[in-house]
Amino acid sequence: MEADLKNYDDEQSDPARRHGSGRPRVLSYWRSIPAEEFDDAFKSEVTAFVRGTTTTIPEWRRAIAGDTVAAIAMVIDCKAPDTIGIKVDFAMTVLLACAFDDPAAALVLSVKLRQMPLPARLRKQLATSWLVANMLSCLKRSAPTCGGHGT
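What you are looking at is a predicted structure, and each value in this text was computed from that prediction instead of being measured.

Caption draft 1: Representation of the overall build of the chain in the model. Regarding its fold elements, the chain presents seven helices and zero strands. Reading the chain from its N terminus to its C terminus gives the helix and strand order α-α-α-α-α-α-α. With 151 residues in all, the chain has 38% of them scored as buried. Considering only contacts within the chain whose residues lie at least 6 apart along the sequence, 66% involve residues at least 24 apart.

Shown next, in the form of structure tokens:
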């Protein structure tokens, strides 16, 4: 059965949530900051926020702990939401935390960003930045080491 991100939130019944007021700003980073702008401070803030979250749901616990497969599984089959609410923000922030170090998470983040209700130019910029991050990460992982090879 396919999950549906748009059913995660009831934004219309809570005016404070409609505009993101009262939410930690870290929850909006995945939809506002391109991959190349994430410095160590931003990365640490995202990771600390995610790791500081608790839940009793096993799949979420694994994703929060940094399990990339679990983080990807939380969002991969979800339909695009009509609006972005707290649960979408949280699931995508957990994926973002994994995307810093895992090319698969960066690729899925890029794909999911292309489906989000964001302004077209921003959506394209963010998705492309994570696609590039994915490719660069893959290149780094496949690059041979220089030690002892005459370089």
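Caption draft 2: Looking closely at the packing of helix α4 (residues 68-75) against helix α6 (residues 103-113). Contact pair α4 / α6: the axes reach a minimum separation of 10 Å and the direction vectors enclose 15 degrees. Accordingly, the angle class assigned to the pair α4 and α6 is roughly parallel. Seen from above, α4 lies across α6 with left-handed handedness. Contact with α4, carried on its side by T68, I72 and V75, involves A104, A105, V108 and K112 of α6 and no other residues of that element. Of the residues contributing to the contact of α4 with α6, the split by class is five nonpolar, one polar and one charged.

Caption draft 3: Looking closely at the layout of surface pockets. Roughly 320 Å³ of internal volume is contained in the largest pocket. Forming the boundary of the largest pocket are 15 residues, of which K43, F100, A133, S137 and K140 lie nearest the centre. Classifying every residue of the lining of the largest pocket by side-chain character gives nine nonpolar, two polar and four charged.

Caption draft 4: Spotlight on the packing of aromatic side chains. All told, the structure shown has eight aromatic pairs when counted by the stated rule. Measuring from ring centre to ring centre gives 5.1 Å for F38 and F100, while their planes differ by 55 degrees; the resulting arrangement is tilted. Linking F38 in the loop between α1 (15-18) and α2 (40-51) with F100 in the loop between α5 (86-99) and α6, this pair joins segments that are 62 residues apart in sequence. Since its relative accessible area comes to 7%, F38 is described here as buried. Residue F100 is classed as buried on the basis of its relative accessible area, which comes to 13%. Centroid distance F38 to W130: 5.9 Å. Interplanar angle 50 degrees. Geometry classified as tilted.

Caption draft 5: Local environment of the environment of R61. When you line up the elements, R61 lands in helix α3 (residues 58-64). Between the C-alpha atom of R61 and that of R51, which follows or precedes it by ten residues, the distance is 9.4 Å. Once residues lying within four places of it in the same chain are set aside, the contact partners of R61 are T55 and T56.

Caption draft 6: Broad picture of α5. Compared with the 20 Å implied by 1.5 Å per residue over 14 residues, the 19 Å span of α5 between its first and last C-alpha is a close match. When you tally the buried positions in α5, you get twelve out of 14 residues, the bulk of the element. Three or more residues of α5 are buried, namely V88, D89, F90, A91, M92, T93, V94, L95, L96, A97, C98 and A99.

Rules behind the numbers
Residues numbered from 1 in each chain as written. Predicted model: local features only at pLDDT ≥ 70, side-chain atom pairs only at ≥ 80, totals over all residues. Heavy atoms only, no water. Helix = DSSP H or I, 4+ residues; strand = E, 2+ residues; numbered from the N terminus. Buried < 20%, exposed > 50% of the residue type's maximum accessible area, 1.4 Å probe, protein only. Contact = heavy atoms within 4.5 Å. Axes fitted to C-alpha atoms, helices over the stretch in contact; angles between N-to-C directions. Parallel < 35°, antiparallel > 145°, perpendicular 65-115°, else oblique. Left-handed = near helix turned anticlockwise from the far one by under 90°. Nonpolar A, V, L, I, M, F, W, Y, C, P; charged D, E, K, R; others polar. 1 Å grid on protein atoms, 1.4 Å probe; cavity = no way out; pocket = protein on both sides within 12 Å on 5 of 7 lines; lining within 4 Å. Points joined across faces, edges and corners; volume = space filled by probe spheres on them. Phe/Tyr/Trp six-rings, centres within 6.5 Å; stacked < 30°, edge-to-face > 60°. Expected span 1.5 Å × (residues − 1).

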